[in-house]
Amino acid sequence: MSESKKSSIEFSQNSALESERLFHVKQYDVIIIGGGHAGIEASLSCARMGLQTALLTLDPSKIGEMSCNPSIGGVGKGQLVKELDALGGEMGRTADATGIQFKRLNTRKGSAVQSSRCQSDKKQYALKMQSVVGGQERLSVLSCEVKEIRTKAGAVESVVIESGGVRETLETRAVVVTAGTFMRSLMHCGEVKGEGGRFGEKSSVGLSDSLRDLGFAVQRLKTGTPPRLIAESIDFSKMEIQEGDVPPRRFSFWDTRIELPQVPCYLTYSNTRVHGAIRENLSRSPLYSGQIQGIGPRYCPSIEDKVVKFPQKERHPLFFEPEALDSNWIYPNGISTSLPADVQEAFVRAIPGCAEVKFARYGYAVEYDCIDPRGLSKSFESLQVRGLFTAGQVNGTSGYEEAAAQGLFAGINAALFAKGEAPFLLSRAESYLGVLIDDLTHHGVTEPYRMFTSRAEFRLSLREDNADLRLSPYARALGLLSDADFERFQARQERIDRSKQILAKKILKPTPQIDAILASLGSNPLSQPQFLAQVLKRPEVGLSDLFSMLPDPFPVELDADTAETLEIEVKYEGYIELQREQIERLRKLVGTRIPETLDFRKVAGLSFELRDKLTKLRPGSLADASAIPGVTPAALTAVLFHIRQKEGASA
Amino acid sequence: MPIDRKLLETHDTIFALATGALPCAVAIVRVSGPSAFEIARKHFRGGGNWEPQRAMAYGSYVSSTGEELDRILLLSFVAPHSFTGEHVIEIQCHGSIAVVSAIEQTLVEHGCRAAQAGEFSYRAFQNGKLGATDLENLGDLFKARDTADLGRLQARKDAALQVEIHAVREELIRLQAILDTAVDFSDEYGNVVEAARLPMAQSAERCAAIAARYELFRQGAQSPRLVLTGCPNAGKSSLFNALLCRYRAIVHETAGTTRDAIEEDLELEGRRWKLVDTAGLREGESLMERQGIEQSYDFLSAASFWVLVVDGTRGFTESERDLLARFGGKPHLIVWNKKDLPGFLPPPELDDTVVAVSALGGLGLEELGQILKTRIRQLGSATGVLPSQTQASRLRVSASLLSDLQSDLDRGVPPEVLGEKNRAILRSLDSVVGDVGVEEVLDRVFAEFCIGK
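Residues numbered from 1 in each chain as written. Chains lettered and ligands numbered in written order. Predicted model: local features only at pLDDT ≥ 70, side-chain atom pairs only at ≥ 80, totals over all residues. Heavy atoms only, no water.

1. Notes on the overall build of chain B
Okay, step 1: Each helix and strand in chain B was counted, giving 16 helices and 13 strands.
Okay, step 2: Buried residues in chain B amount to 50% of all 453 residues.
Okay, step 3: Summed over its atoms, the accessible surface of chain B is roughly 20,400 Å², and 54% of this surface lies on carbon and sulfur atoms. (Helix = DSSP H or I, 4+ residues; strand = E, 2+ residues; numbered from the N terminus. Buried < 20%, exposed > 50% of the residue type's maximum accessible area, 1.4 Å probe, protein only. Areas by Shrake-Rupley, 256 points an atom, 1.4 Å probe, with all protein chains shown as cover.)

Structural data, given as structure tokens:
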């Protein structure tokens, strides 16, 4: 964003300015509570959409902190970052600027579910975010604790804050709560427990009560983090070195550069000695002693969980990741734990290369409050209180990417609400973000929710490479994409469209040279002239292979990303088309209105339970019906059929 | 004849012959639609002015020029209390081709249209008189051949099929989990895809097996064969006729008579049987005679149960003993015939069940019937819940998609694409147990059945 670059006021100064301003002006269009990954995106999007925005945080120096792993992206998560980027979010740009190792996952030939991941310099990451936030016009950062969210006639009215022992009231039209793991949080390290949402930081006590008072159901979840180790005390020669991709591929669709030096990670494995040390001390784990009540994520289990649940496995992979270029802290990915400090030391020392290891910090688990996201509308607004939005870990998710994507979405909707405009909605057919919104608001969470590609029915269409094609027009309409970025987008779209046309229309005639190239790829010779697209559809032929067969250079200049989009779209055309049809059918289906007179008890093919539920909730359209938990596509078809039948009878 | 879906959406008056092929004793012409009563008022004469309130009336059906075409019984049903939910009349006339076509002629003159296959049911469905599942069950009802089939149709409504399909579903969900793991956790489980092979093969097999039951049901191939054999003049044909007299099934098809055997349907213990009378075992060495014996062997191989008819005044012949030796392992019994004749030898004491009867004189037939029934009960009946046609066709499609999936896996198709296909299979299974996918059910029902005609 051009505006974010205009000012580079230092953070502390800005903060001081704002406290002064607070004294005079106690009114904001939107207030964001929390300065984590969700809060950043929420405040930036509101401010960029032209609203006076305040970001409230316990500690402004912790804005953009990576509390756990020093990396961005991964399978399913990379897609979210790309979507966020396409929608004008900040995470992708900052990841590029502060990444110290980039890797594409699932890059098997022709894969449509490639995902990006990078290791970040976590110090640089937070600093970069702080400078973007600090430099953002219309955005004020206030250092304070939130005591209460006040409402009037079912709508947000103000936020009561406390700073330096002084209470103040800030009037606002909309509030976005992005408090992360800081609501009534409890940290566990063995038998030791203490209040706090992150190492050495306070917990926010009043906020979850306030949300409960405002009608949210509050539930308790758990997450954890591994110890941090001192690099110099580790013998990396006993581990496998893991380099990033060369050249590294960026996250952002826009004008970013990877400039930091690229460094390796290290792979090692746990062993039976490690597992033995853990097993002997299980009774001292707060997870197994019953000290921890919250439910943790199954996909990111603690090492003690892995040892208990997979006793037959003799080793688990562990990735040793640098936390920052100028830090000697190592993040040992794979040994999240809340065992007591002495047990942590004992089992980590049994890991190859760690015999002499020194700890920078012990691992711990955090229990925290989150709301039941089924209390949210599809714009992430509370169903009880108008103008109240929530995003991030507060909604029961886990992960920076999930948080940031929600933050942007809730921010956009808070801004639209404050402007008195209709909400911005995303369907699961067009984005992973839509899938996330849909899943949270329909099904709630039973464990911290993480994105997987398997959650997306249309994952062959919802790819990283086309996130901009899917979503950037929305960003433009919302005012979140600069002229320069939009031009860039349009140019890319044009290149893709033109290239597709050429591939579909241009013919390749068989020649001995072409057949030789095909043979070298293990592909059959051309028996007759074929369209370029037909040749590219062969699994063994890539776009660059195809280009090497052309007598003249391909008339459109293609960068690596655009070439990738093109190749996937052609290769998977059949599947993508099939998904498009499904999406279309779904769209038509949910568009149908349900007559007010319809008696759900008479709909054949519905379970009694569903008949009951539908009779009670009386959805006005099939779209609304589909939002009710338990209503399957099959049930929707039954309702649709009943409607048609009735219409037929009365016609 | 293909169905014109556009015509289905018109609401004109339609008619059809509701009874079987002409000529026959009584024929019923059913008329449904807005002008049904107008037709009755115009063409029915008898007992004063006809009004729809007269649910049943006897009188004459007259042509447009007033000539009596037939004496008829006229039934009327006022909407919505009719099969179709529209005004309906039923003209019960004599089953003569001439009469029926003359009546139909008058209907056409009134602008009525001959109904398409299944159109009465379709209207019933549109008017909320029949559910989609009712329709499909109705279709299969016409196909059911015996009470055991009816039992299986009934069981369709039970949870048994759902349990079976859920087991397949579980397997497929497992498969999906494997495929998704290969994508979402590729850095830890890149090679897990290989583990998908077994669940793929197993679920393909299960789907195919459940679907196959419907095929068997439809073809009637499950009618087990009860084969009568014995030497000429042992009394096979008399027994054949005696059994038919008692247990003959009501059939519309003509008996299938082949050069070598006669087949008829009979119903025993709720099951439909094909009773087969073989040509018989002629003694002798000629080629013709040998061939006859070979053919008997074929029939016996295919039999579910066989009966050896022995002339009780003569005792076992060589070829009869030979048969017992060959096919003694198969469920069978021996009928010691001609009990009423002088020179009747006492039936031998054997491990086999031997029943002494006189097929011609009717002696011991009651006892034979009881013994047959008992033995047949022991055979058990066709097993497994019967899927509906739609369910079966979805399962068949699932099975073939699953075997495609196996070859995709072999060709190295990436797991996300395999997962995509598997999800589609899961969705279609969901609709099998979910009792929906109604449009599809309807298309099939109306394309294949001639319901309500």
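2. Quick look at the domain arrangement of chain A
Okay, step 1: Taken domain by domain, chain A holds domain 1 (1–453), domain 2 (483–575) and domain 3 (592–650).
Okay, step 2: Between the C-alpha centres of domain 1 of chain A and domain 3 of chain A the distance comes to 39 Å. (Domains from an automatic or database assignment.)

3. Here we look at the sheet that holds strand β12 (residues 218–225) of chain A
All names here are of chain A.
Okay, step 1: With respect to topology, four strands assemble into an open sheet ordered β11-β10-β19-β12, the strand pairing being antiparallel. Since the sheet does not close on itself, it has two edges, and those belong to β11 (192–195) and β12, each with one partner. Each neighbouring strand pair of the sheet contributes to a mean axis angle of 25°, computed without reference to strand direction. (Pairing = 2+ DSSP bridges. Axes fitted to C-alpha atoms, helices over the stretch in contact; angles between N-to-C directions.)

4. A word on the sheet that holds strand β5 (residues 115–120) of chain A
All names here are of chain A.
Okay, step 1: Read from one edge of the open sheet, three strands run β3-β5-β4, paired in antiparallel fashion. Edge strands, defined here as strands with exactly one partner in the open sheet, are β3 (71–73) and β4 (99–105). Across the sheet, the axes of successive neighbouring strands diverge by a mean angle of 20°, strand direction being ignored.
Okay, step 2: Note: β3 against β5, three bridges, orientation antiparallel. Its bridge partner lying in β5, I72 is registered against C118.
Okay, step 3: Those strands touched by helix α5 (residues 91–98) are β3, β4 and β5, and its axis lies near 115° from that of β4. (Contact = heavy atoms within 4.5 Å.)

5. A word on the packing of aromatic side chains
Residues and elements named next belong to chain A.
Okay, step 1: Applying the stated criterion to the full structure yields 14 aromatic pairs over all chains.
Okay, step 2: Ring geometry for F389 and F417: centres 6.2 Å apart, planes at 70°, overall edge-to-face. Placement of F389 in strand β20 (residues 388–390) and of F417 in helix α12 (residues 400–419) is noted, with a sequence separation of 28 residues between them.
Okay, step 3: Under the relative-accessibility criterion, F417 is labelled partly exposed at 27%.
Okay, step 4: Between the aromatic rings of F409 and F424, the centroid separation amounts to 6.1 Å while the plane-to-plane angle is 50°, which identifies the pairing as tilted. Of the two residues, F409 sits in helix α12 while F424 sits in the loop between α12 and α13 (432–443), which places them 15 residues apart along the sequence. Side by side, F409 and F424 carry an identical accessibility label, which is buried.
Okay, step 5: Connected via pairs of aromatic rings, a cluster forms that spans F380, F409, F424 and Y474.
Okay, step 6: Taking NZ or CZ as reference, R455 lies 3.9 Å from the ring centre of Y449, over its face. (Phe/Tyr/Trp six-rings, centres within 6.5 Å; stacked < 30°, edge-to-face > 60°. Lys NZ or Arg CZ within 6 Å of the ring centre and 35° of its normal.)

6. As for unusual backbone geometry
Okay, step 1: Residue P247 of chain A follows V246 of chain A across a cis peptide bond; omega there is -5°.
Okay, step 2: Among the secondary structure elements, P247 of chain A is positioned in the loop between β14 (240–242) and β15 (265–269).
Okay, step 3: Cis geometry is found at the peptide bond from A79 of chain B to P80 of chain B, where omega equals 5°.
Okay, step 4: Note that P80 of chain B resides in the loop between β5 (68–77) and β6 (88–95).

7. A closer look at the confidence of the model for chain A
Residues and elements named next belong to chain A.
Okay, step 1: Looking at chain A as a whole, the pLDDT averages 88, with 92% of positions reaching at least 70.
Okay, step 2: Between residues 1–17, whose pLDDT stays under 50, and residues either more than four places distant or in other chains, the model counts 27 contacts.
Okay, step 3: Under a pLDDT of 50 for its full length, residues 19–25 has, in the predicted model, seven contacts with residues more than four places off or in other chains. (pLDDT = per-residue confidence, 0-100.)

8. Remarks on the packing of helix α3 (residues 37–48) of chain A against α12 of chain A
Residues and elements named next belong to chain A.
Okay, step 1: Close contact between α3 and α12 brings their axes to 7 Å; oriented N to C, the two are set at 30°. As the angle between them shows, α3 and α12 are arranged roughly parallel. As α3 runs across α12, the sense of the crossing is right-handed. Along the contact surface, α3 presents H37, A38, E41, A42, S45 and C46, while α12 presents Y400, A403, A404, G407, L408, G411, I412, A414 and A415.
Okay, step 2: Looking at the contact of α3 with α12 residue by residue, the class counts come to ten nonpolar, four polar and one charged. (Parallel < 35°, antiparallel > 145°, perpendicular 65-115°, else oblique. Left-handed = near helix turned anticlockwise from the far one by under 90°. Nonpolar A, V, L, I, M, F, W, Y, C, P; charged D, E, K, R; others polar.)

9. Concerning the nonpolar core
Okay, step 1: The biggest cluster of nonpolar side chains holds 108 residues, and the ones touching the most others in it are I33, L56, I72, I149, V177 and L388 of chain A.
Okay, step 2: Among the elements that line this core, the one with the most residues is α12 of chain A, at twelve residues.
Okay, step 3: Those residues in contact with V177 of chain A that lie beyond four places of it in its chain are I33, I149, L207, L211, L388, F389, T390, A391 and V394 of chain A.
Okay, step 4: Core analysis: the next-biggest nonpolar cluster, separate from the first, contains 31 residues, I165, M200, L395 and V413 of chain B among them. (Core = buried A, V, L, I, M, F, W, Y, C linked by side-chain atoms within 4.5 Å.)

10. Focus on helix α15 (residues 483–505) of chain A
Okay, step 1: Here α15 of chain A spans 33 Å end to end across 23 residues, near enough to the 33 Å set by a 1.5 Å rise per residue.
Okay, step 2: Its buried side turned inward, α15 of chain A meets α5, α14 (467–478), β22 (530–531), α17 (532–536), α18 (543–549) and α19 (560–571) of chain A. (Expected span 1.5 Å × (residues − 1).)

11. Remarks on the environment of P227 of chain A
Residues and elements named next belong to chain A.
Okay, step 1: With respect to the helices, strands and loops of the structure, P227 is situated in the loop between β12 and β13 (228–230).
Okay, step 2: You can call P227 buried: its relative accessible area is 0%.
Okay, step 3: Between the C-alpha atoms of P227 and R498, which are 271 residues apart in sequence, the distance is 52 Å.
Okay, step 4: Aside from chain neighbours lying at most four places away, what touches P227 is I330, P332, I335, T337, Q344, V348, F359, R361, Y362 and G363.

12. What about the packing of α3 of chain A against helix α6 (residues 122–134) of chain A?
All names here are of chain A.
Okay, step 1: At their nearest, the axes of α3 and α6 sit 11 Å apart, and the two run at 25° to each other. With respect to each other, α3 and α6 are oriented roughly parallel. Relative to α6, α3 is oriented so that their crossing is left-handed. Taken together, the residues of α6 that come into contact with α3 (itself represented by H37, I40, E41, L44 and R48) are Y125, M129, V132 and V133.

13. Brief notes about the environment of G66 of chain B
All names here are of chain B.
Okay, step 1: Within the element layout of this structure, G66 appears in the loop between β4 (56–62) and β5.
Okay, step 2: By relative accessible area, G66 is classed as partly exposed at 42%.
Okay, step 3: Considering only alpha carbons, one finds G66 and H43, 23 residues apart in sequence, at a separation of 7.8 Å.

14. Description of the pairing of strand β2 (residues 53–57) of chain A
Residues and elements named next belong to chain A.
Okay, step 1: In terms of burial, β2 is a largely internal element, five of the five residues being buried.
Okay, step 2: Here β2 shows two buried faces, one formed by T53, L55 and T57 and the other by A54 and L56.
Okay, step 3: The pairing of strand β1 (residues 27–33) with β2 spans four bridges and is classified as parallel. Considered in β2, the bridge of V30 is made with T53.
Okay, step 4: What joins β1 to β2 is α3, and the crossover it makes is right-handed. (Right-handed = clockwise from strand over helix to strand, strands pointing away.)

15. Notes on the confidence of the model for chain B
Residues and elements named next belong to chain B.
Okay, step 1: For chain B, the average pLDDT comes to 76, and 73% of its residues sit at 70 or higher.
Okay, step 2: Predicted confidence for residues 250–259 stays below pLDDT 50, and this span has eleven contacts to residues more than four positions away or in other chains.
Okay, step 3: The ipTM for the predicted assembly is 0.73, set against a pTM of 0.70.

16. Overview of the side chain of S32 of chain B
Residue and element names in this part refer to chain B.
Okay, step 1: In this structure, S32 sits in strand β2 (residues 24–32).
Okay, step 2: A polar side-chain atom of S32 sits 2.5 Å from a polar atom in the side chain of E86.
Okay, step 3: In this structure S32 touches D12, T13, I14, T84, E86, H87, V88, F120 and R123, once residues within four positions along its chain are discounted. (Polar contact = N/O pair within 3.5 Å; in protein donor to acceptor, adjacent residues only side chain to side chain.)

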